[in-house]
Amino acid sequence: MSIHHPLKHLRIFSGLMVRCISTQENILSNLILCHDPSMEQSYMQLSQKFYESMKACASLRSIPIARKLHGQLISVGLDSAIFLQNHLLHMYSRCSLIDDARRIFFSIQYPNVFSWNTMISALVDLGHMGEAEKLFNEMPERDSVSWTTMMSGHFHNGQPKDAIKVFASMVWNCDSFYDPFSFSCVMKACGSLGHIKLALQLHTLVEKLNFGGNMVIQNSIIDMYIKCGALRLAERMFMRIPNPSLFCWNSMIYGCSKLYGVRRALHMFIEMPERDCVSWNTIISIFSQHGFGVESLSMFVEMWNHGFRPNAMIYATILSACASIHDLEWGSHLHARILRMEPSMDVFAGSGLIDMYVKCGQLHLARQVFDNMTEHNAVSWTSMISGAMQFGLEDEALVLFNRMRKSPVALDEFTLATVLGVCSGHEHAWVGEQLHGYTIKGGMISSIPVGNALVTMYAKCGNTDKASQAFELMPAKDIISWTAMITAFSQTGNVEKSREYFDKMPERNVISWNSMLGTYFQNGLWEEGLKLYTLMRRVGVNLDWITLVTSISACADLAILKLGLQIIAQAEKLGFGSNVSVMNSIITMYSRCGRIIEAKRVFDSIFDKNLISWNAIMAGYAQNGQGRKVIEVFENMLKMDCAPDYISYVSVLSGCGHSGLVTEGKHYFSSMTEDFGINPTCEHFACMVDLLGRAGLLKEARNLIDAMPFKPNAAIWGALLGACRLHRDYNLAEFAARNLLELDLDDSGSYVLLANTYSDCGQLEAFADVRKQMRKKGIEKNPGCSWIEVDNRVHVFTVDDTNHPQIKDVYRILEEIVKKIEDTGCYVNPTNAVRSQCHHSEKLAVAFGLLSLPAWMPIYVMKNLRVCHDCHLVIKLISLVASRELIVRDGHRFHHFKDGCCSCGDYW
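First, a word on scope: everything that follows refers to the structure included in this document. What you see is a predicted model, and the numbers here were worked out from it, not measured in a lab. The numbers attached to residues start from 1 for each chain and follow its sequence in the written order. For this predicted model, a pLDDT threshold of at least 70 governs which residues receive local features, and a threshold of 80 or more governs which side-chain atom pairs are given and counted, while totals over whole chains, interfaces and linings are taken from all residues. Values shown for side chains rest on all heavy atoms present in the structure; no hydrogens or waters enter the calculation.

## Points about the overall build of the protein chain
Inference 1: In terms of helices and strands, the protein chain carries 47 helices and eight strands.
Inference 2: Taken along the three principal axes of its C-alpha coordinates, the protein chain extends 130 × 60 × 55 Å.
Inference 3: Buried residues in the protein chain amount to 50% of all 908 residues.
Inference 4: In what follows, a contact means two residues having at least one pair of non-hydrogen atoms within 4.5 Å. Across the protein chain, every contact between residues at least 6 apart in sequence was considered, and the portion connecting residues at least 24 apart equals 61%.
Inference 5: Method for areas: the Shrake-Rupley scheme with a 1.4 Å probe, in which residue coverage is limited to the protein chains shown. Of the roughly 43,700 Å² of accessible surface on the protein chain, 53% is carried by carbon and sulfur atoms.
Inference 6: Neither His nor the chain ends contribute to the count of charged residues, in which Lys and Arg are positive and Asp and Glu negative. Charge positions come from single atoms, namely NZ of Lys, CZ of Arg, CG of Asp or CD of Glu. One way to put it: in the protein chain the 83 positive side-chain charges average out to a point 2 Å from where the 89 negative ones average out. Helix numbering and strand numbering both begin at the N terminus, where a helix is a DSSP run of H or I of at least 4 residues and a strand a DSSP run of E of at least 2. Note on classification: 1.4 Å probe, protein chains only; a residue is buried when its accessible area is under 20% of the maximum for its type, exposed when over 50%, partly exposed between these limits.

## Quick notes on the nonpolar core
Inference 1: Each nonpolar core is a collection of buried residues, namely Ala, Val, Leu, Ile, Met, Phe, Trp, Tyr and Cys, held together in the definition by side-chain atoms within 4.5 Å. The biggest cluster of nonpolar side chains holds 255 residues, and the ones touching the most others in it are Ile222, Ile283, Met589 and Leu720.
Inference 2: The residues contacting methionine 589, other than those within four sequence positions of it, are Ile552, Cys555, Ala556, Leu561, Gly564, Leu565 and Ile568.
Inference 3: Counting residues in hydrophobic clusters, the runner-up holds 30 residues, among them Ala845, Ala847, Val861 and Phe897.

## Comments concerning the side chain of histidine 840
Inference 1: Residue position: histidine 840 is located in the loop between helix H45 (807-823) and helix H46 (841-852).
Inference 2: Accessibility expressed as a relative area gives 17% for histidine 840, which makes it buried.
Inference 3: In this structure histidine 840 touches Val799, Cys868 and Cys871, once residues within four positions along its chain are discounted.

## Things to note about the pairing of strand S5 (residues 859-863)
Inference 1: Burial analysis of S5 places five of its five residues in the buried class, which makes it a mostly covered element.
Inference 2: Neither face of S5 is left uncovered, since the one carrying Ile859, Val861 and Lys863 and the one carrying Tyr860 and Met862 both have all their residues buried.
Inference 3: At least two bridges found by DSSP between two strands are what make those strands a pair. The pairing of strand S3 (residues 785-790) with S5 spans two bridges and is antiparallel. Paired with tryptophan 787 across the strands is methionine 862, a residue of S5.
Inference 4: Bridge analysis of S5 against strand S6 (residues 886-889) gives four bridges, and the strand direction is parallel. By the bridge assignment for S6, valine 861 is matched with valine 888.
Inference 5: For the crossover that starts at S5, traverses helix H47 (residues 869-881) and ends in the parallel S6, the hand is right-handed. Every crossover in which the path from the first strand over the helix to the second runs clockwise, viewed with the strands pointing away from the viewer, is termed right-handed.

## Points about empty space enclosed by the protein
Inference 1: A cavity here means a set of points on a 1 Å grid, drawn over the protein atoms and nothing else, where a 1.4 Å probe fits but cannot get out; a pocket is an open set with protein on both sides within 12 Å along at least five of seven lines, and a residue lines either one if it has an atom within 4 Å of a point. Grid points are joined across faces, edges and corners, and a volume is the space filled by probe spheres set on the points. In the structure shown here, the tally under the stated rule is one cavity of 30 Å³ or more.
Inference 2: Quantified by volume, the largest cavity comes out at close to 40 Å³.
Inference 3: Secondary-structure elements contributing two or more residues to the lining of the largest cavity are helix H42 (730-742) and helix H43 (748-760).
Inference 4: With four residues, H42 is the largest single contributor of residues to the lining of the largest cavity.
Inference 5: Each residue is assigned to one of three groups, with Ala, Val, Leu, Ile, Met, Phe, Trp, Tyr, Cys and Pro labelled nonpolar, Asp, Glu, Lys and Arg labelled charged, and all others, Gly among them, labelled polar. Classifying every residue of the lining of the largest cavity by side-chain character gives six nonpolar, two polar and one charged.

## Focus on the packing of aromatic side chains
Inference 1: Think of it this way: a Phe, Tyr or Trp ring, Trp meaning its six-membered ring, pairs with another when their centres are within 6.5 Å, and the plane angle makes it stacked under 30 degrees, edge-to-face over 60, tilted otherwise. Here the structure, examined in full by the defined rule, presents 27 aromatic pairs.
Inference 2: On the numbers, 5.7 Å between centres and 75° between planes, the contact of phenylalanine 183 with phenylalanine 211 is edge-to-face. Of the two residues, phenylalanine 183 sits in helix H9 (residues 180-193) while phenylalanine 211 sits in the loop between helix H10 (196-208) and helix H11 (215-227), which places them 28 residues apart along the sequence. The pair phenylalanine 183 / phenylalanine 211 is uniform in exposure class, with both members buried.
Inference 3: Between phenylalanine 471 and tryptophan 482 the ring centres are 5.0 Å apart and the planes differ by 80°, which places this aromatic pair in the edge-to-face class. Remark: tryptophan 482 occurs in helix H27 (residues 479-491) and phenylalanine 471 occurs in helix H26 (residues 464-473); sequence separation between them is eleven residues. Considered together, phenylalanine 471 and tryptophan 482 belong to a single accessibility category, that of buried residues.
Inference 4: By way of ring pairs, the aromatic residues Phe471, Trp482, Phe489 and Tyr501 are connected into one cluster.
Inference 5: A positively charged side chain is recorded as over a ring if its NZ (Lys) or CZ (Arg) lies within 6 Å of the ring centre. The angle to the ring normal must also be within 35 degrees. Seen from the ring of tryptophan 147, arginine 142 lies directly overhead, with NZ or CZ sitting 5.2 Å from the centre.

## Looking at the pairing of strand S4 (residues 793-798)
Inference 1: Bridge count for S3 against S4 is six bridges, and the pairing is antiparallel. The residue bridging cysteine 785 from the neighbouring strand is threonine 798, located in S4.

## A word on the state of the cysteines
Inference 1: Cysteine sulfur atoms that pair up within 2.5 Å are treated as a disulfide. Scanning all chains against the criterion turns up zero disulfides.
Inference 2: Summary of cysteine pairing: cysteine 555 is not part of a disulfide, and the nearest cysteine sulfur, belonging to cysteine 593, is at 7.8 Å.
Inference 3: Its relative accessible area of 0% is what places cysteine 555 among the buried residues.

## A closer look at the side chain of serine 146
Inference 1: As for its position among the elements, serine 146 is in helix H7 (residues 144-156).
Inference 2: The residues contacting serine 146, other than those within four sequence positions of it, are Val113, Asn117, Phe136 and Met139.

## With respect to the sheet that holds strand S8 (residues 901-902)
Inference 1: Here we have six strands laid out as an open sheet, ordered S4-S3-S5-S6-S7-S8, and mixed in their pairing. On the outer flanks of this sheet lie S4 and S8, each paired with one strand and no other.
Inference 2: Strand direction decides the pairing type here: S6 and strand S7 (residues 894-898), joined by four bridges, are antiparallel. Within S7, the residue paired with leucine 886 across the bridge is phenylalanine 897.

Take a look at the structure:
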């Protein structure tokens, strides 16, 4: 018997024998129609042959074969047989010939339940839910398949609420339930909506009907609970199953990562009795989503070693991990592997490659991948548009969008949302407004991603009114919608409005909590932000690495070490202890709390340091006045082939400035342009002016300012003015002051510095004029304050404070210690009619530390302004007479006082 290709060798003979042959190697069936006039076949035999042929044709989805089989059926007079009509209907529906399927269905004289179900299934598969619902309502009788088909149709067509309504109707109208798949379908719908109350009711119902032992039901219950966020209920269900299915294991690994963190998920993965590609993809995705890109790559290698071949989704996941850690070498290796081992470039893998190359800074390679793909879908177009946008090529992104509109690929909501992101700036705001009109005309305005993109676009354009309007007009909102509004008002500094939307949210996730947390910290409301962090823990929010980084950074800014240590312990507990972003924030916190040794220890423990890690430790050394250490770290960074950025050079120049390393500072200022092509910014010039000025090279500092390629800002003139005050060059100070005032600043620090300079040189009239100008412009001097952490409480002091409950004891201790340092002959109390220096806040805070802390414990004091000369001298001598280590962080750097000496060498 010879096998012929169905499209070339179908022949109609007077006698027919139909055979269907399929092999495991080839899933496409081969239809063989042979002429054998000597054979007479019964109705049952011939029906069976036609059934097998139509079944094979349905799997082939071949329209020519379908039509020929229909013709053969008519020619032998079997076209009115209900059994064959039903399978003919099924074949046409599988070939997406919906009009033919309709004709067959309505030609059936007495359609049975199978006929109705097949027709409804065909309509559902093509998204014709209205017509499917109409047929369903007309059915004379229904079985469990009828109900399940409608539920599945609603769910897969984005109508989970309607799926639940169909299930409720089934419960109401049917006396018995025999199909666990109907429960599986409604549980999927419940999980997608996150309805935990309904989830509990469904679980109770299946237990009541004794379906609890069914594997499909077990899988669905665990999946439903995880998607509803009821992770402990999912875990409890999992523990009750004697032999959980592979699906249950895979679901619980994901749930475990959400509930306990990455480490516990990995432990569960190791315990699995068997694994499949989904298992490996799940654990690789978990590592990638939690910021463990290197571990994702290691797990991918482990998967290969265990004999599993990656599919397109795993390639997409691992490419995403490469993108997250900007590992171009690994990404390129994967690209080569895909080309070598896969028959063609899958659109998902192609989109992953585009995203990876974009995030690794290789837009031209992303373009090559895109251009070489044999077919494009909405994902690949969107990836390329997003890539152009990330490179700041908004015009190119819009050109790509127009090309996509002319292609046969349908524009979906995610592409439109991406393009709206391109318009999130004043230059292309008009395009965004046109796209807003296009979404309304195209019927996409009800899409949640599109609505969210509109809100975000208007917010980034600074138009909170239109953002609010777009938000209110959204027919349905999700967590992202609410979070976008919180961010919108945060960007305009309207914290109260952000909190109002936060409080109105029907439900929240960690991203919305992080958004509100960031709103507080970005607007300087540190205490409120840390209270919110405490509330997050109390209500059981699953913290992520962003929460931890944000909160640790707040502790760094406030120099609250004890709370910072608690958050670090929480990070370790949740499995984020080795996350490089978390570790970088820990370095910064230790540095800003004066614990530079601990900061260095954390830095050394980072296995895969990134540029931020190097910058964090350099900034720490610079702030702690260890300029030579900054240079040492910088040189080590270069040896590790880590290219510096402009922030790296700010730390180096700042470190040189704090340590008086003029020659080194000049060298690095030149090398940033000559060796790395980094053009100096105002920050770099300010550091150089400060370095030269403090070294007494005022003329050189003035020449540097004159040679600047752009207009100096307040920081630069302020640095020169401060240096002039230090070296009493009042003529140059007058010049710097005039330029500073021309900037018409609202910053009180510049005016205070100018006023103090006039006071130092005895120009009291000029001093009074500056104060008068400040009052006229409504500028108030930032009140100096210092704080110290004692017994888990932060105690704040201001100049000549009278509010602290122990203030009398503080003044007593201060007077006693000042008397001791006067007895050394190294200090005389200043007498200055203009400013009182006796009871500055840092002196009061140090005195409180002496009063409250044990003698062995170092005293850490933080101050919001630069420490004055008198206070610096007093604290230095206190460290001598009291034999205490005192660490003071002022508005510019740390001062480590010990045995009558300061780490700054009296150079600050």
